[in-house]
Amino acid sequence: AGYPCPLHRHPFPEFFYVLEGNLAIGYWNNQGATEWDTCEAGESLVVQPNAPHTFFNKSEHPCRMLSVSTYHHERMMKDAVHPEGRTDFLPAQLSQADFQKLTKSMEKNQTFLVADHA
């Protein structure tokens with residue numbers, strides 16, 4: 001099984017638009033627990049600056065999303081998973097080793113882990 005992106009926050013907003021499939025977006029509710037909402041193809045969501053959040057494809061079907069922000073998410077993630085410079089997409093499911101490399105890259109790039117789980 002793959003790992004969701006860890007619950008994290010960053011000092012810039014992030015816009016998600018689901019192009020295909022379903023994307024689960026996790027956020028902290030008022031009780032401090034992670035709660036999940038699902039965005040379907042054609043739906044969008046804006047995560048406010050410093051709001052703890054995570055995302056994951058919980059289905060067995062492909063999910064493609066567009067993430068727009070004033071930060072370089074794609075470079076940060078590709079540098080962590082493909083440091084040798086490959087330009088293909090991230091794997092559908094991150095391995096434990098990929099997950100660990102990603103969390104280290106996130107910390108170097110002002111993306112702060114809120115919890116090590118979703």
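Scroll up a little and you will see the structure.
Residues numbered from 1 in each chain as written. Predicted model: local features only at pLDDT ≥ 70, side-chain atom pairs only at ≥ 80, totals over all residues. Heavy atoms only, no water.

(A) Expanded view of the sheet that holds strand S7 (residues 64-69). Strands sit in the order S5-S2-S7 across an open sheet of three strands; the sheet is antiparallel. Because the sheet does not close on itself, it has two edges, and the strands there are strand S5 (44-47) and S7. For this sheet, the mean inter-axis angle between neighbouring strands, taken without regard to orientation, is 20°. In the sheet, strand S2 (residues 14-20) pairs with S5 via four bridges, with the strands oriented antiparallel. Each bridged residue has a counterpart across the sheet, and for Phe15 the counterpart in S5 is Val46. (Pairing = 2+ DSSP bridges. Helix = DSSP H or I, 4+ residues; strand = E, 2+ residues; numbered from the N terminus. Axes fitted to C-alpha atoms, helices over the stretch in contact; angles between N-to-C directions.)

(B) A look at the nonpolar core. If you look at the biggest cluster of nonpolar residues, it comprises ten residues: Cys5, Phe16, Val18, Leu23, Ile25, Cys39, Val47, Phe55, Leu102 and Met106. For this core, the elements supplying multiple residues, two or more each, are S2, strand S3 (22-28) and helix H2 (96-108). Every residue in contact with Phe16, bar those within four places of it in the chain, is listed here: Leu23, Ile25, Glu43, Ser44, Leu45, Val47, His53, Phe55, Met65, Leu66 and Ser67. (Core = buried A, V, L, I, M, F, W, Y, C linked by side-chain atoms within 4.5 Å. Buried < 20%, exposed > 50% of the residue type's maximum accessible area, 1.4 Å probe, protein only. Contact = heavy atoms within 4.5 Å.)

(C) The arrangement of the state of the cysteines in detail. Counted by the stated rule, this structure contains zero disulfides. With no disulfide of its own, Cys39 has Cys63 as its nearest cysteine by sulfur position, at a separation of 9.3 Å. Using a relative accessible area of 10% as the deciding quantity, one classes Cys39 as buried. (Disulfide = S-S within 2.5 Å.)

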